[in-house]
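Fold and geometry: a report
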Amino acid sequence: MDMSNNKISTLKTKDYFSRVKILNLSANPITVIDENVDRLNHASHIFIPNHSLETLPESVQFLHPDIFRFGKSGIPCNCDNIWIGDWIIYNSASEEFPLFCSNSNNTVFQNWTLEIRNCEPYTRSTNHFLFSLLTFPFLISLIGILYCFRFELIILKRKCDRKRHKRWEHDVYISFDENNKLVLQFVIKLLYPFLKSNNVSAYIPCKDDCPGKMLEENITENIQKCKTFVLITSDGMYEDKPGKTETKIMEYYLAWNYFTKGVIDKIFVVKYDRPKKKDFQYRRTEAIYRTGMGFNMWNKKVCVYQAILELLQER
């Protein structure tokens with residue numbers, strides 16, 4: 001294909017270039033060759049004398065240097081172009097049609113590449129690549145760790161950026177499994193009277209819900225009216241119980257959402273029974289517990305009532 005004497009400054013390779021065997025670009029002031037030059041992979045000769053190139057596209061490395069005829073017009077020998085010399089050397093290019101350095105008379109590009117002692121930009125880019133290669137596993141591990149502790153990070157951020165809501169109507173909203181007789185007895189007969197005797201206003205859903213309102217409406221309205229949400233977890237709390245499981249799940253999600261947005265001040269977990277990994281929202285609940293916002297009932301060193309009271313009175 002003869003494209004000589006066409007005043008071409010930018011060589012834009014087309015799809016049909018893949019069928020070209022010989023390409024003549026003589027007498028064209030070419031300054032740029034586009035990145036698709038590797039389409040000339042079937043060419044045996046590319047004549048490109050009298051050019052004004054400052055560099056070559058990196059995709060030229062998919063071609064063999066011997067197919068090019070640059071003539072006396074060279075390319076600047078500098079650190080940005082040192083890879084061109086490596087490309088020529090790596091492919092054991094013939095010395096019959098060399099590429100010259102345009103900024104150094106009669107210096108062949110590969111000879112300059114071999115003689116250069118220090119090329120900071122090239123070294124820097126190589127080191128950057130090696131550094132990236134070595135740090136990639138570390139970054140993957142770090143992302144994995146951050147993902148595993150995502151709930152803890154949310155809680156800690158919320159603690160550091162505690163927003164004060166309007167004056168709450170109640171000090172605490174207590175969520176628990178009303179179908180568990182032991183837990184129900186603990187809340188109604190022991191915990192609630194204790195809190196009341198210490199001037200703590202507690203909202204108990206099964207006791208204080210407004211008659212005539214939808215259950216979901218009661219939950220939505222009253223959680224955000226309480227300063228603190230206390231979740232008392234127990235075995236089977238989130239097992240399939242018609243009309244009850246959905247309520248407990250809704251309470252949990254609303255409380256978490258209100259806490260992260262600053263609508264309620266604190267969220268707290270009391271483990272009545274030992275949790276299992278298959279429990280509903282186990283990871284999130286454990287995150288609340290691990291960040292110092294919970295305790296377990298079987299810990300004999302902790303006075304349950306006093307611990308809850310101190311939490312609620314904490315500013």
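Residues numbered from 1 in each chain as written. Predicted model: local features only at pLDDT ≥ 70, side-chain atom pairs only at ≥ 80, totals over all residues. Heavy atoms only, no water.

Looking at an unreviewed UniProt entry, one finds the protein chain named TIR domain-containing protein, with Mytilus edulis as its source organism. If you open the UniProt record of the protein chain and go to Subcellular location (unreviewed entry), you find "Membrane". (UniProt positions renumbered as here; feature names shortened; annotations may be inferred.)

A few words on the overall build of the protein chain. When helices and strands are tallied, the protein chain shows ten helices and ten strands. Classification of the 315 residues of the protein chain by burial places 43% in the buried group. For the protein chain, restricting intrachain contacts to residue pairs at least 6 apart in sequence, the fraction spanning at least 24 positions comes to 60%. Accessible area of the protein chain: about 18200 Å², with a carbon and sulfur share of 55%. (Helix = DSSP H or I, 4+ residues; strand = E, 2+ residues; numbered from the N terminus. Buried < 20%, exposed > 50% of the residue type's maximum accessible area, 1.4 Å probe, protein only. Contact = heavy atoms within 4.5 Å. Areas by Shrake-Rupley, 256 points an atom, 1.4 Å probe, with all protein chains shown as cover.)

Before going further, it helps to spend a moment on the state of the cysteines. As enumerated under the stated definition, the model contains one disulfide in all. Paired by a disulfide, Cys77 and Cys101 hold their sulfur atoms 1.6 Å apart. Judged by the sign of its S-S torsion, about -75°, the bond between Cys77 and Cys101 is left-handed. Placement of the pair is Cys77 in the loop between strand E5 (68-69) and helix H1 (82-90) and Cys101 in the loop between H1 and helix H2 (109-115), with a sequence separation of 24 residues. Each member of the pair, Cys77 as well as Cys101, is classed as buried. (Disulfide = S-S within 2.5 Å.)

Across the sheet, three strands lie side by side as E2-E4-E5; this open sheet has parallel pairing. Where the open sheet ends on each side, the last strands, each with one partner, are strand E2 (22-24) and E5. Taken together, the two bridges between strand E4 (residues 45-47) and E5 define a ladder with parallel strand orientation. When the bridges of E5 are listed, Ile46 appears paired with Phe68. (Pairing = 2+ DSSP bridges.)

In this section: a nonpolar patch on the surface. A surface patch of nonpolar side chains, amounting to about 640 Å² of accessible area, comprises Phe138, Leu139, Leu142, Ile145, Leu146, Phe149 and Leu153. Examining the composition of the nonpolar patch, we find that five residues originate from one element, helix H3 (residues 120-148), more than from any other. Counting through the fold element by element, Leu153 comes out in helix H4 (residues 150-160). Classification of Leu153 as partly exposed rests on a relative accessible area of 42%. (Patch = residues over 30% accessible without salt bridge, like charges linked within 9 Å, V, L, I, M, F, W, Y side chains within 5 Å. Salt bridge = Lys/Arg side-chain N within 4 Å of Asp/Glu carboxyl O.)

Let us look at the environment of Arg283. On the secondary structure map, Arg283 appears in helix H9 (residues 282-290). Relative accessible area serves as the criterion here: at 28%, Arg283 is assigned to the partly exposed category. Each C-alpha atom, one on Arg283 and one on Glu152, is 9.6 Å from the other, the two residues being 131 residues apart in sequence. Once residues lying within four places of it in the same chain are set aside, the contact partners of Arg283 are Cys148, Phe149, Phe151, Glu152 and Arg290.

Summed over the entire model, instances satisfying the criterion amount to two cavities of 30 Å³ or more. If you trace the largest cavity, you find 13 residues lining it, with Pro65, Ala93, Phe97, Pro98 and Leu99 closest to the centre. Listing elements by their share of the lining of the largest cavity, those giving two or more residues are E5 and H1. For the lining of the largest cavity, a count of residues per class yields nine nonpolar, two polar and two charged. Put simply, the second largest cavity is a space of about 30 Å³. Leu11, Leu23, Leu25, Ile33, Val37, Leu40, Ile46, Ile48 and Phe68 together form the lining of the second largest cavity. (1 Å grid on protein atoms, 1.4 Å probe; cavity = no way out; pocket = protein on both sides within 12 Å on 5 of 7 lines; lining within 4 Å. Points joined across faces, edges and corners; volume = space filled by probe spheres on them. Nonpolar A, V, L, I, M, F, W, Y, C, P; charged D, E, K, R; others polar.)

The complete set of buried residues in helix H7 (residues 215-223) reads Asn218, Ile219, Asn222 and Ile223. One side of H7 carries all its buried residues, which in axial view fall inside an arc of 100°. The secondary structure elements touched by the buried residues of H7 are strand E6 (170-175), strand E7 (202-203), strand E8 (226-233) and helix H8 (245-261). (Arc of directions from axis to C-beta.)

By the definition in use, this model includes eleven aromatic pairs. Ring geometry for Phe68 versus Phe70: centroids 5.3 Å apart, planes at 10°, classification stacked. Taken as a pair, Phe68 and Phe70 share a single burial class, namely buried. Aromatic ring contacts, followed pair by pair, group Phe68, Phe70 and Trp87 into a single cluster. The ring of Tyr147 carries Arg150 above its face, with NZ or CZ at 4.0 Å from the centroid. The ring of Phe259 carries Arg158 above its face, with NZ or CZ at 5.1 Å from the centroid. (Phe/Tyr/Trp six-rings, centres within 6.5 Å; stacked < 30°, edge-to-face > 60°. Lys NZ or Arg CZ within 6 Å of the ring centre and 35° of its normal.)

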